[in-house]
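For reference, the chains in residue letters:
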Amino acid sequence: MPPCRHAEPPPPASPDPRAALMGRHNTPDPAAQLPARTRAGRFLARWLGRIGLGLVAGACTLGVLLWAGTSWTASLWIGGAVAVVVPVAAWLASTVPGPESPR
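Residues numbered from 1 in each chain as written. Predicted model: local features only at pLDDT ≥ 70, side-chain atom pairs only at ≥ 80, totals over all residues. Heavy atoms only, no water.

(A) Spatial organisation of the overall build of the protein chain. Of the regular secondary structure elements, the protein chain holds 2 helices and 0 strands. Expressed as a percentage of its 103 residues, the buried residues of the protein chain come to 9%. If you take every contact in the protein chain between residues at least 6 apart in sequence, the share linking residues at least 24 apart comes to 49%. (Helix = DSSP H or I, 4+ residues; strand = E, 2+ residues; numbered from the N terminus. Buried < 20%, exposed > 50% of the residue type's maximum accessible area, 1.4 Å probe, protein only. Contact = heavy atoms within 4.5 Å.)

Structure (structure tokens):
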């Protein structure tokens, strides 16, 4: 009876762990190649945008609640909570992987 072809040992592993990766998985991250000053500027701009969005959302919530007749203290607390939750939600949403590219 001939030996089973599935019983052969696997080929030896490559010493470089990245050598097993192919295509886009083997390319370095483009953001890692940027200078530190550019990366810091992008980080700062991204967080300033998130914080600005939170402040605008909190101010709008405060205005709407005051217009609706809610007390000043309650409106301030709710508007402040919105101003904190919105940037946190924006950061959390940025950690979720995007849809697969159609390619």
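Structure's up, so let's keep going.
(B) Region of interest: the packing of aromatic side chains. Taken as a whole and assessed by the stated rule, the structure comprises 0 aromatic pairs. Over the ring of W47 we find R50, and its NZ or CZ is 4.7 Å from the ring centre. (Phe/Tyr/Trp six-rings, centres within 6.5 Å; stacked < 30°, edge-to-face > 60°. Lys NZ or Arg CZ within 6 Å of the ring centre and 35° of its normal.)

(C) Summary view of helix 1 (residues 36–67). Here helix 1 spans 46 Å end to end across 32 residues, near enough to the 46 Å set by a 1.5 Å rise per residue. In this fold, the buried residues of helix 1 make contact with helix 2 (72–94). (Expected span 1.5 Å × (residues − 1).)

(D) Structural view of the side chain of S75. Inspection of the secondary structure assignment puts S75 in helix 2. A distance of 2.8 Å separates a polar atom in the side chain of S75 from the backbone oxygen of S71. In this view, S75 contacts L62, L65, L66 and T70; residues no more than four positions away in its chain are not counted. (Polar contact = N/O pair within 3.5 Å; in protein donor to acceptor, adjacent residues only side chain to side chain.)

(E) Main features of a nonpolar patch on the surface. A cluster of nonpolar residues, V84, V88, W91 and L92, forms a patch on the protein surface that exposes about 380 Å² of accessible area. Assignment of secondary structure puts V84 in helix 2. You can call V84 exposed: its relative accessible area is 53%. (Patch = residues over 30% accessible without salt bridge, like charges linked within 9 Å, V, L, I, M, F, W, Y side chains within 5 Å. Areas by Shrake-Rupley, 256 points an atom, 1.4 Å probe, with all protein chains shown as cover. Salt bridge = Lys/Arg side-chain N within 4 Å of Asp/Glu carboxyl O.)

(F) Structural context of helix 2. Over its 23 residues, helix 2 extends 33 Å from the first C-alpha to the last, a length consistent with the 33 Å expected when each residue adds 1.5 Å. Where helix 2 is concerned, the buried positions are S75, G79, A83 and P87. In this structure, the buried side of helix 2 is in contact with helix 1.

(G) Structural view of the environment of I51. Note on placement: I51 falls in helix 1. Taking C-alpha positions, I51 is 8.1 Å from V86, a pair spaced 35 residues apart along the chain.

(H) How the structure looks around the packing of helix 1 against helix 2. It is the contact of helix 1 with helix 2, at a shortest axis distance of 7 Å, that shows an interaxial angle of 150°. Viewed along their axes, helix 1 and helix 2 adopt a mutual orientation that is roughly antiparallel. Taken as a pair, helix 1 and helix 2 cross one another with a handedness that is right-handed. Residue-level contacts link W47, R50, I51, L53, G54, A57, G58, T61, L62, L65 and L66 of helix 1 to W72, S75, L76, I78, G79, V82, A83, V86, P87, A90, W91 and S94 of helix 2. Among the residues making up the contact of helix 1 with helix 2, the classes are represented as 16 nonpolar, 6 polar and 1 charged. (Axes fitted to C-alpha atoms, helices over the stretch in contact; angles between N-to-C directions. Parallel < 35°, antiparallel > 145°, perpendicular 65-115°, else oblique. Left-handed = near helix turned anticlockwise from the far one by under 90°. Nonpolar A, V, L, I, M, F, W, Y, C, P; charged D, E, K, R; others polar.)

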